[in-house]
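For reference, the chains in residue letters:
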Amino acid sequence: MSEPDKKPVNKVVLAYSGGLDTSIILKWLQTTYGCEVITFTADLGQGEELEPARRKAELLGIKPENIFIEDLREEFVRDYVFPMFRANAVYEGVYLLGTSIARPLIAKKQIEIAERLGADAVCHGATGKGNDQVRFELGYYALKPDVTVIAPWREWDLKSREQLIAFAEQHQIPIAKDKRGESPFSVDANLLHASSEGKVLEDPADEVPDYVFSRTISPEEAPDTPTIVTIGFEKGDAVSIAGEKLSPASLLAKLNQLGHDNGIGRLDLVENRFVGMKSRGMYETPGGTILLPAHRAIESITLDRGAAHLKDQIMPQYAELIYNGFWFSPEREMLQALIDKSQELVTGEVRLKLYKGGVHVIGRTSPHSLYDQDLVTFEEGAVAYDHRDAAGFIKLNALRLRTLAQRKKRDA
């Protein structure tokens, strides 16, 4: 195994899942760098038991005081997912950024532990081809510019599954039976979504096999009767379902279940990675797929046209910043301040019909609504609106078009 061209490391904080790959990384750090390893495991709602990660770390020689497992579900939804949904952020028109939005929080916690324990390095398990390496490391450097970053997949010479397994066997790392062969696809999951990519999904011409889906039933198997749900909002954030106040994580979990039961939230996507290649993935975001149109619906009656259109103009840039890993950048924070200002009166309720993969808005109300039925009615309204005023409005807006047309006629 080649020695990395890195300065000496005393302590490193590893983003550790407890799985085979990060367990191999843990042992590789010990044998290659000869440093003290601190493990950090985040509960982001991925739906896995995390105590096995503690036992695995102990088995691999990590001191109990150097094992950190944190339940970050509430913080994740409150401080990362919800601010992103205030912006109605989607990447390339469809992707709800479920993987992208989780990386800054993990990076932040790793740096906090590094500062607390005097670690001089951090380490992640992202490969050298994907976006996550960029997202993790931009987060690290934004929060601790002098930190040493170790990215094993860019350093070691373990180039195949067989070599990884051989390394694990050599160092007595437990290997589950289902990990000995090539995995048909890889999965990343948190409370917002589950993503799958690789192997059986690499050919974009082939339909995603049914066994890949884990968060949703198929729309064809969903109930034949629709589900009606009411979501309450306060200042742009969802706060209740059917009148019941819920914490951010509990609310998203409930929306996930509603989405699952109604076949909502599947996305087959070929996306443009920040590192320059296209990749095909399958995303399941059941709760987020319900939340997005609900939020846009409450905005439709509470936001002024100029504010709403400005938000739509900046949204692609905001979404791209998150996708590319610039959560801690000044430009993302500046856009966030603008977005949050727009949400001050985005309060009310939205009713939706969930049916066989579809999310349909069927009603919206707000104490701050700008919708005036007297203004829009075809009947004579009680408010002052003189239809004759429209003629001057149209003439003024047509002035430049008429001028252009006159020039065209003159130059013909």
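This is a predicted model, so every value here is computed, not measured. (Residues numbered from 1 in each chain as written. Predicted model: local features only at pLDDT ≥ 70, side-chain atom pairs only at ≥ 80, totals over all residues. Heavy atoms only, no water.)

Thoughts on the sheet that holds strand β13 (residues 348-355)
Then step 1. Across the sheet, five strands lie side by side as β10-β9-β8-β13-β14; this open sheet has antiparallel pairing. The open sheet is flanked by β10 (244-245) and β14 (358-365), the only strands paired with a single partner.
Then step 2. Two strands pair when backbone bridges link them, and strand β8 (residues 227-234) and strand β9 (residues 237-241) are joined in this way by four bridges, in the antiparallel orientation. Directly across from F233, in β9, lies its bridge partner A238.
Then step 3. Relative to the sheet, helix α8 (residues 248-261) contacts β8, β9, β10 and β13, its axis offset from that of β9 by approximately 65°. (Pairing = 2+ DSSP bridges. Helix = DSSP H or I, 4+ residues; strand = E, 2+ residues; numbered from the N terminus. Contact = heavy atoms within 4.5 Å. Axes fitted to C-alpha atoms, helices over the stretch in contact; angles between N-to-C directions.)

Observations regarding helix α5 (residues 132-143)
Then step 1. Compared with an ideal rise of 1.5 Å per residue, which puts twelve residues at 16 Å, α5 spans 17 Å between its outermost C-alpha atoms and is within 8% of the ideal.
Then step 2. Check the buried side of α5 and you find it contacts α4 (103-117), β4 (121-123), β5 (148-150), α6 (152-155) and α10 (305-324). (Expected span 1.5 Å × (residues − 1).)

Regarding unusual backbone geometry
Then step 1. One non-glycine residue, K199, lies in the positive phi region at around 50°.
Then step 2. Although it is not a glycine, K235 adopts a positive phi angle of roughly 50°.
Then step 3. The residue K235 is located in the loop between β8 and β9 in this model.
Then step 4. By relative accessible area, which is 57% here, K235 ends up exposed. (Buried < 20%, exposed > 50% of the residue type's maximum accessible area, 1.4 Å probe, protein only.)

So, the packing of aromatic side chains
Then step 1. Scanning the entire structure with this criterion turns up nine aromatic pairs.
Then step 2. Ring centres of F274 and F326 lie 6.2 Å apart, and the angle between their planes is 70°; this geometry places the pair in the edge-to-face category. One end of the pair, F274, is in the loop between β11 (266-272) and β12 (278-284); the other, F326, is in the loop between α10 and α11 (330-342), with 52 residues separating them in the sequence.
Then step 3. Using a relative accessible area of 28% as the deciding quantity, one classes F326 as partly exposed.
Then step 4. Chaining the aromatic ring pairs together yields one cluster made of W28, Y33, W153 and W156.
Then step 5. When the ring centre of Y323 is taken as origin, the NZ or CZ atom of R135, which lies over that ring, is 4.8 Å away.
Then step 6. We note R332 situated over the ring of W327; from NZ or CZ to the ring centre the distance is 3.6 Å. (Phe/Tyr/Trp six-rings, centres within 6.5 Å; stacked < 30°, edge-to-face > 60°. Lys NZ or Arg CZ within 6 Å of the ring centre and 35° of its normal.)

Brief notes about a negative patch on the surface
Then step 1. Negative charge collects at one region of the surface, where E207, D210, E220 and E221 lie side by side.
Then step 2. The residue E221 is located in the loop between β7 (194-197) and β8 in this model. (Patch = residues over 30% accessible without salt bridge, like charges linked within 9 Å, V, L, I, M, F, W, Y side chains within 5 Å. Areas by Shrake-Rupley, 256 points an atom, 1.4 Å probe, with all protein chains shown as cover. Salt bridge = Lys/Arg side-chain N within 4 Å of Asp/Glu carboxyl O. Lys, Arg positive; Asp, Glu negative; His and termini not counted. Charge placed at Lys NZ, Arg CZ, Asp CG, Glu CD.)

With respect to the UniProt feature "binding site: ATP" (unreviewed entry) in the chain
Then step 1. In the numbering used here, UniProt assigns the feature "binding site: ATP" (unreviewed entry) to A15, Y16, S17, G18, G19, L20, D21, T22, S23, A42 and G125.
Then step 2. Considering the arrangement of structural elements, one finds S23 in helix α1 (residues 20-33).
Then step 3. Its relative accessible area of 0% is what places S23 among the buried residues.
Then step 4. Among all residues touching S23, those that are not within four sequence positions of it are Y16, G18, K56, L60 and I173.
Then step 5. Examined against the element boundaries, A42 turns out to sit in strand β2 (residues 36-43). (UniProt positions renumbered as here; feature names shortened; annotations may be inferred.)

A look at the packing of α1 against helix α7 (residues 161-170)
If you want to describe how two helices pack, look at the angle between their axes and the distance between the axes.
Then step 1. For the pair α1 and α7, interaxial distance at closest approach is 10 Å and the crossing angle is 60°. If you check the angle between α1 and α7, you find them oblique. Where α1 crosses over α7, the two elements pack in a sense that is left-handed. Of the residues in α7, those touching α1 at L20, D21, I24, K27, W28 and T31 are R161, L164, I165, F167 and A168.
Then step 2. Residue classes in the contact of α1 with α7 are distributed as seven nonpolar, one polar and three charged. (Parallel < 35°, antiparallel > 145°, perpendicular 65-115°, else oblique. Left-handed = near helix turned anticlockwise from the far one by under 90°. Nonpolar A, V, L, I, M, F, W, Y, C, P; charged D, E, K, R; others polar.)

Structural notes on the pairing of β2
A regular strand places its side chains on the two faces of the sheet in alternate fashion.
Then step 1. Most of β2 is tucked away, with seven of its eight residues classed as buried.
Then step 2. One ladder, built from five bridges, connects strand β1 (residues 11-15) with β2; its direction is parallel. Along β2, the bridge assignment pairs L14 with T39.
Then step 3. Following the chain from β1 across α1 to the adjacent parallel β2, one finds a crossover that is right-handed.
Then step 4. Strand direction decides the pairing type here: β2 and strand β3 (residues 67-71), joined by five bridges, are parallel. (Right-handed = clockwise from strand over helix to strand, strands pointing away.)

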